[in-house]
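Structural features, examined
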Amino acid sequence: MKFNWLWLWFGLRNAMASSKLLASKPDDRRSPINDDDRLLYLMDEISRSARRSYDLSVVGLGLNRTQWRIIGLLLQEPELTQAAIGKRLELESATIGQAVMALCQRGLAERERAPSDKRAWRISLTSEIDAILPQLRQSADRLHGILWAGFTSEEKSEMKTLLGRISNNLAQLPVAAD
């Protein structure tokens, strides 16, 4: 399936248009929505649009969103437990279990009992992943090309710093029990 850049552009444009629309009508029920809210909505829409676009670009590899997110997480942190993957991706254990089994059946991942807790499954990527990594990287690079068009290295660095600060602020909040 060919990657649909136009779809990404419309998604981002619509997110920004919605944000402007909300800002332009202070006399209706949307007036309690402030600029801080709009910023969060915009960040969420950008994230969702990027994920949907990446979904389209890797569908030819036979990967669904959960599978490519597991691969991405394991590339960053090899040998996580299945429970840790579910927690990080905020997905139910059954969803993670099905995705891990599909990756294992394709030979892209393997699971074994964790040495520290024999009840837990430790998941790791196999060398078979090397066959699809170039296509995953190419898809990511195409998406980054669109996302970061017109941004300088300095602007991207500043955005990373600002988003890191937001992430650190959020880390101060209590989290719900699992």
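Up top is the structure these notes are about.
We now turn to the structure provided with this report. (Residues numbered from 1 in each chain as written. Predicted model: local features only at pLDDT ≥ 70, side-chain atom pairs only at ≥ 80, totals over all residues. Heavy atoms only, no water.)

Describing the overall build of the chain
Condition: Helix numbering and strand numbering both begin at the N terminus, where a helix is a DSSP run of H or I of at least 4 residues and a strand a DSSP run of E of at least 2. Buried, partly exposed and exposed residues are distinguished by accessible area as a fraction of the type maximum, computed with a 1.4 Å probe on protein chains only: under 20%, between the cut-offs, and over 50%, respectively. Residue contacts are counted whenever heavy atoms from the two residues lie within 4.5 Å of one another.
When its secondary structure is counted, the chain shows 7 helices and 3 strands. Taken from N to C terminus, the helices and strands of the chain fall in the order α-α-α-β-α-α-β-β-α-α. Counting over 178 residues, the chain shows a buried share of 27%. Of the contacts formed within the chain by residues at least 6 apart in sequence, a portion of 55% connects residues at least 24 apart.

A short note on the layout of surface pockets
So the rule is basically this: Buriedness for pockets is judged along seven lines, at least five of which must meet protein on both sides within 12 Å for an open set on the 1 Å grid over protein atoms alone, while cavities are sets there where a 1.4 Å probe fits but cannot get out, and lining residues have an atom within 4 Å of a point. Grid points are joined across faces, edges and corners, and a volume is the space filled by probe spheres set on the points. Throughout this entry, Asp, Glu, Lys and Arg are counted as charged residues, while Ala, Val, Leu, Ile, Met, Phe, Trp, Tyr, Cys and Pro are counted as nonpolar. The remaining residues, Gly among them, count as polar.
Taken as a whole, the largest pocket holds about 2000 Å³ of empty space. Forming the walls of the largest pocket are 39 residues, and the residues nearest its centre are Ile46, Ser47, Ala50, Leu147 and Leu163. Listed by contribution, the elements that provide at least two residues to the lining of the largest pocket are helix H1 (5-24), helix H2 (35-58), helix H3 (65-76), helix H4 (82-89), helix H6 (133-147) and helix H7 (153-171). Of all the elements, H2 adds the most residues to the lining of the largest pocket, at 10 residues. Among the residues making up the lining of the largest pocket, the classes are represented as 27 nonpolar, 5 polar and 7 charged.

Things to note about the sheet that holds strand S2 (residues 109-114)
Stated formally: Following DSSP output, two strands are said to pair if at least two bridges run between them. Between N-to-C directions, angles span 0 to 180 degrees; the directions come from axes that are lines fitted to C-alpha atoms, helices contributing only their stretch in contact.
Taken in spatial order, the 3 strands make up an open sheet running S1-S3-S2, and their pairing is antiparallel. Looking at strand neighbours, the two that pair on one side only are strand S1 (80-81) and S2, the edges of this open sheet. Across 6 bridges, S2 lies against strand S3 (residues 117-125) in antiparallel orientation. Each bridged residue has a counterpart across the sheet, and for Glu110 the counterpart in S3 is Ser124. Most of the contacts of H3 go to S3, to which it runs at about 95°, and overall it touches S1 and S3.

Comments concerning the packing of H4 against helix H5 (residues 93-105)
Short version of the rule: Left-handed describes a crossing whose near helix is turned anticlockwise from the far helix by less than a right angle; the clockwise case is right-handed.
Contact geometry for H4 and H5: axes closest at 9 Å, N-to-C directions at 115°. Crossing of H4 against H5: the hand is right-handed. Residue-level inspection shows Gln82, Ile85, Gly86 and Leu89 of H4 in contact with H5, the latter providing Ser93, Ile96, Gly97 and Val100. In terms of residue class, the contact of H4 with H5 is built from 4 nonpolar, 4 polar and no charged.

Structural notes on the pattern of salt bridges
Quick note on the threshold: Any carboxyl oxygen of Asp or Glu that lies within 4 Å of a side-chain nitrogen of Lys or Arg is treated as forming a salt bridge with it.
One pass over the full model with this rule turns up 10 salt bridges. Salt-bridge contacts for Glu77 lead to Arg88; the nearest nitrogen and oxygen are separated by 2.8 Å. Here Glu77 is found in the loop between H3 and S1, whereas its partner Arg88 is found in helix H4, with 11 residues between them in sequence. A relative accessible area of 31% means that Glu77 is categorised as partly exposed.

Concerning H2
To keep it simple, the criterion reads: By definition here, a helix of n residues has an expected span of 1.5 Å times n minus one. Any N or O atom pair separated by 3.5 Å or less is treated as a polar contact, with the protein-specific requirement of one donor-capable and one acceptor-capable atom, and with residues adjacent in sequence counted only for side-chain atom pairs.
Look at H2: 35 Å from first C-alpha to last across 24 residues, which is about the 34 Å you get at 1.5 Å a residue. Those residues of H2 lying buried are Arg38, Glu45, Ser49, Ala50, Ser53, Tyr54, Ser57 and Val58. The N-cap residue of H2 is Asn34: its side-chain oxygen and the backbone nitrogen of Asp36 are 2.9 Å apart.

Points about the pairing of S3
In the sheet, S1 pairs with S3 via 2 bridges, with the strands oriented antiparallel. Residue Leu80 lies in a different strand from S3, and its bridge partner there is Ile123.

Re a nonpolar patch on the surface
Stated formally: Think of a patch as exposed residues, more than 30% relative accessible area, with no salt bridge, where like charges cluster within 9 Å and nonpolar side chains (Val, Leu, Ile, Met, Phe, Trp, Tyr) cluster within 5 Å. Using a 1.4 Å probe, accessible areas were evaluated by the Shrake-Rupley method; residue-level cover was limited to the displayed protein chains.
A surface patch of nonpolar side chains, amounting to about 360 Å² of accessible area, comprises Leu163, Ile166, Leu170 and Leu173. Its place among the elements puts Leu163 in helix H7.

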